[in-house]
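# A closer look at the structure
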Amino acid sequence: MNKSSKKDYEIRIDELIYKMTLAEKIGQVVQLSPSLFGAFGLTPDELIEKLVIGEISPEEFEKIDRNYHEDEIRQGLIGAMGGVIGAEKSNELQKIAVEESRLGIPILFGLDVIHGFRTVFPIPLAEACSWEPELMRETARIAAKEASAAGIHWTFAPMLDVSRDARWGRVAEGAGEDTFLASIIAASRVKGFQGEDLSSDESILACAKHYVAYGAPVGGRDYNTVDMSLQALHDIYLPPFEAAVQAGVATVMSAFNDINGVPCTTNKYLLTDVLRGMYGFDGFVVSDANSVAECAIHGYAEARKEASKKAIEAGLDMDMSKGTFAEDLPSQLEDGTISEEVLNEAVRRILRVKFKMGLFDNPYRTDKDKEEKVILCNEHLKVARDMARRSIVLLKNENEMLPLKKNLKKIAVVGPLADNGTDMLGTWAIVGRSEDVVTILSGIKEAVDSDTEVVYSKGCEIEGDKEEIKKTIEDASDSDVIIAVVGESSEMSGEAASRIDINLPGKQLELLKELHKTGKPLVVVLVNGRPLSIPWISENATAIVESWQLGVQSGNAIADVLFGDYNPSGKLVSTFPYSVGQVPIYYNHPMTGRPAGKIKFTSKYIDGPAEPLYPFGFGLSYTNFEYSNMSLSANKVTKDSKLKVSVDVKNTGKVQGEEIVQLYVYDVVASRVRPVKELKGFKKIMLKPGQLETVSIELDINTLGFHDENMNYVVEEGLFKIYVGPNSREGLEEEFYVI
Ligand code: BGC
């Protein structure tokens, strides 16, 4: 089949818009979304159950259950659908759209494919700890292959919200607290989902979300208001979106929150001036679920109708909801309250993306056979295991306790997350299944020698008071080592899962304290979707392995690290606070006039440290790396030049290992107070024992700027400090001048 050329499709879009009725045009700007009711992929029976238990109203049920709205599709009233999963189901509905609707416009099927499809990869926060953008591109590619085989055209990912608040549950979905790293990862993930060619059957549209600053809600409470300077918005929260646009992202999702009083969904400055004007975005913008209607609840519009007008006029093209645009636009277009040209532009942008995807030429991109072959195949599982072990961060390893020998006599594996599949999947694993997961217990059993005894005991639940700690201690007290797997359930992070307290929930800390009393080496494996506050564990455990939620290959990946088949190399992308009271806490905070010091009147707390427990960029290895001989290619550089920064890194330990060499910069005097350190480069290297490598990182001086009060990006002349080291706290230091 001939693919439509650009010129060709622009003409066809004009022709279509000319022929479309108002109702058909509105159909294109509507995304029907069962997600509102949590009804992803539900069968009619499951829907009935929801109706019976009152989770959905009869009206809602009626709407969802009309055979997936076949009639509306036939009438050309539905441009996109969320939550339709499966080749057969999506092809069936597509056939109605293409063959039975008047103009034959194909439907776009969207889904939250956040960290893998059926092959569930580590949560995005974990993947980011690998600092390996190429591998993250590959996991996104695999997710696209599996999702497209199941009839999905469009993922609502990647989530690009920079966040510095561990209370916010959605830190799990992003790349952490750093803008520079998050921007690189944003581009990788977009390229992974979309591939080289959007019209390939294996590519899906990416969606940069949530535009913007959704990761900075006051108090860390999901959906809460965001109040920040425009400079912070442009310096910290917007750059990952700009990077996604440069990488060719096809769609963007507006965030639920308001910024400085204007909801993102109706924010013309953000949707039109910045996104399209400054960044040159040429795709379409979808709202977050129901966020147009919610502008009326914000009180930014008198009623839903006015919210619809404000949103579409601000540059929002598609409404993800059951009926806001669909019900509110017709009368306003008919009486001229909204100009039809505004609607035409939104329709044009959406159709353009459908053409670019090749949907008009090739609306059925998959079939049942392909779906069965691709999903959860061995090749994908191999990558999942590798990605998972590279996402692990070793936080403590006293007396080189790890790696463990495989021939120990007895290992006690304890804790509510040790033999648990569901909670390894993490948030937003919509099609993931717990039975696909290698649990930590089975990974350990698989790894050790056949005559090593592995005893398992749960100890307590993740949450609540139920425990059997006494029995667990009895089982564990004659073991060679205790591996305690503790943390959070999948549901404790992600959307609508902010926490007021980020300690270990339930009786888990008590369990660890009792285990510690046995005097046996205590290896704590953490499973969690956010940084936790773990001062007691940090002080008392023999070793700490931060494994986040690693997906289907969790157990194998963790066993690879525990027994030394893989030497951990991950580094934190989110600061671990000492206490929740420090939150939000992040390494790249602006310099205060009274930095924390010994005397009282400095920036600190009277009842705890100002420093975090583990800083951004921190992570240990089974070997050691020594940094020396830092040098710069020049001490004076111009704004448009590049500085070569070199450092010798030597593996001084006994095993080979990877190190993430990090480069930070501090602009000492500027017209705006600058962060004490900012990541501006990194390189991951592999060194054999005794091997020394001179690592060079090129620093683009143009990246050292910030936004002035008129939102102009400026790089200022003057003194800069530069650090190269293993994390944001330690490193060698030099200085240079920008002239
Ligand atoms: C979330 C989005 C998601 C959408 C569709 C919303 O509640 O905020 O991230 O893409 O639902 O499921």
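Residues numbered from 1 in each chain as written. Predicted model: local features only at pLDDT ≥ 70, side-chain atom pairs only at ≥ 80, totals over all residues. Heavy atoms only, no water.

On to the overall build of the protein. Tallying secondary structure elements over the protein gives 24 helices and 26 strands in all. A compact globule built from 739 residues should have a C-alpha radius of gyration of about 27 Å, and the protein, at 26 Å, falls within 12% of that. The principal-axis extent of the C-alpha atoms belonging to the protein is close to 75 × 65 × 50 Å. Within the protein, the proportion of its 739 residues that are buried is 62%. Contacts spanning at least 24 positions in sequence make up 78% of the contacts within the protein whose residues lie at least 6 apart. (Helix = DSSP H or I, 4+ residues; strand = E, 2+ residues; numbered from the N terminus. Rg over C-alpha atoms; globule rule 2.2 N^0.38 Å. Buried < 20%, exposed > 50% of the residue type's maximum accessible area, 1.4 Å probe, protein only. Contact = heavy atoms within 4.5 Å.)

For the rest of this paragraph, the subject is the pairing of strand S26 (residues 732–738). Judged from the two bridges that link them, strand S18 (residues 636–637) and S26 form a sheet pairing that is parallel. Note on S26: the bridge partner recorded for Val637 is Val738. Hairpin geometry of strand S25 (residues 718–725) and S26 is characterised by an intervening segment of six residues between the two adjacent antiparallel strands and by a positive phi of about 155 degrees at Gly731. (Pairing = 2+ DSSP bridges.)

In spatial order, the strands read S18-S26-S25-S20-S21; together these five strands make up an open sheet with mixed pairing. Two strands lie at the open edges of the sheet, namely S18 and strand S21 (678–687), each paired on one side alone. With six bridges joining them, strand S20 (residues 657–667) and S25 adopt antiparallel strand pairing. Bridge assignment links Tyr664 to a residue of S25, and that residue is Tyr723.

Omega for the bond connecting Ala157 with Pro158 falls within 30 degrees of zero, at 5 degrees, which places this linkage in the cis form. On the secondary structure map, Pro158 appears in the loop between strand S4 (154–155) and helix H9 (179–194). If you check the backbone angles, Asn399 has positive phi at about 50 degrees while not being a glycine. The exposure class assigned to Asn399 is exposed, which follows from its relative accessible area of 69%.

This brings us to the confidence of the model for the protein. On average, residues of the protein score 95 in pLDDT, and 96% of them reach the 70 mark or higher. For residues 35–41, every residue scores under 50 in pLDDT, and the model assigns this stretch 22 contacts once sequence neighbours within four places are set aside. (pLDDT = per-residue confidence, 0-100.)

Here we take up the site of the ligand. Around the ligand sit 14 residues in total, of which Asp112, Arg170, Lys209, His210 and Asp288 are the nearest. At a separation of 2.6 Å, an oxygen atom of the ligand approaches a polar side-chain atom of Asp288. When isolated, the ligand has an accessible area of 310 Å², and the protein chains bury 95% of it. Partitioning the shell around the ligand into residue classes produces seven nonpolar, two polar and five charged. (Near = heavy atom within 4 Å. Polar contact = N/O pair within 3.5 Å; in protein donor to acceptor, adjacent residues only side chain to side chain. Areas by Shrake-Rupley, 256 points an atom, 1.4 Å probe, with all protein chains shown as cover. Nonpolar A, V, L, I, M, F, W, Y, C, P; charged D, E, K, R; others polar.)

For helix H6 (residues 87–100), spanning 14 residues, the distance from its first C-alpha to its last is 19 Å, which sits close to the expected 20 Å at 1.5 Å a residue. For H6, the set of buried residues is Ala87, Ser90, Asn91, Leu93, Gln94, Ile96 and Ala97. Where the residues of H6 are buried, they touch helix H5 (70–74), strand S2 (80–82), strand S3 (108–111), helix H8 (133–149) and helix H17 (368–374). (Expected span 1.5 Å × (residues − 1).)

What follows concerns the domain arrangement of the protein. Segmenting the protein into domains produces domain 1 (25–104), domain 2 (105–371), domain 3 (384–582) and domain 4 (625–738). The distance between the C-alpha centroids of domain 3 and domain 4 comes to 34 Å. Every contact between the two is made by six residues of domain 3 and, on the other side, ten residues of domain 4. Taken over both partners, the interface formed by domain 3 and domain 4 buries close to 570 Å², and the fraction arising from carbon and sulfur atoms is 34%. On the domain 3 side of the interface with domain 4, the three residues burying the most area are Asn567, Ser569 and Lys571, jointly 75% of the side's total. Across the contact surface, domain 3 and domain 4 share two salt bridges. (Domains from an automatic or database assignment. Buried area = accessible area lost by both parts, 1.4 Å probe. Salt bridge = Lys/Arg side-chain N within 4 Å of Asp/Glu carboxyl O.)

With that settled, consider helix H20 (residues 440–447). Buried within H20 we find Ile440, Leu441, Gly443, Ile444 and Ala447. Seen along its axis, H20 keeps its buried residues to an arc of 165 degrees; they face one direction. Those residues of H20 that are buried are in contact with strand S12 (410–414), helix H19 (422–425), strand S13 (453–457), strand S14 (481–487), strand S15 (522–527) and helix H24 (554–562). (Arc of directions from axis to C-beta.)

The subject of this paragraph is the state of the cysteines. A full pass over the atoms with the stated rule returns zero disulfides. For Cys264, which is in no disulfide, the shortest distance to another cysteine sulfur is to Cys295 and amounts to 9.1 Å. Take Cys264: its relative accessible area is 0%, and that puts it in the buried class. (Disulfide = S-S within 2.5 Å.)

What follows deals with the packing of helix H21 (residues 469–476) against helix H22 (residues 508–517). Taken N-terminus to C-terminus, the directions of H21 and H22 make an angle of 35 degrees; their axes are 10 Å apart at the nearest point. Pair H21 / H22 crosses with right-handed handedness. Counted together, Ile469, Thr472, Ile473 and Ala476 of H21 and Glu510, Leu511, Glu514 and Leu515 of H22 form the full contact between these two elements. Across the contact of H21 with H22, the residue classes break down as five nonpolar, one polar and two charged. (Axes fitted to C-alpha atoms, helices over the stretch in contact; angles between N-to-C directions. Left-handed = near helix turned anticlockwise from the far one by under 90°.)

What follows deals with the nonpolar core. Ranked by internal contacts, the top residues of the largest apolar core, which has 202 residues, are Phe117, Trp154, Tyr211, Val212, Leu515, Ile534 and Leu562. Residue contacts for Leu515: discarding those within four places in its chain leaves Val414, Thr472, Ile473, Ala476, Ile482, Ala484 and Leu522. In terms of nonpolar packing, the next biggest core, distinct from the first, is built from 25 residues, Met630, Leu704, Val715 and Phe736 among them. (Core = buried A, V, L, I, M, F, W, Y, C linked by side-chain atoms within 4.5 Å.)

Examined against the element boundaries, Ser457 turns out to sit in strand S13. A relative accessible area of 3% places Ser457 in the buried class. The residues touching Ser457, leaving out its near neighbours within four places in the chain, are Val413, Val414, Gly415, Glu468, Lys471, Thr472 and Asp475.

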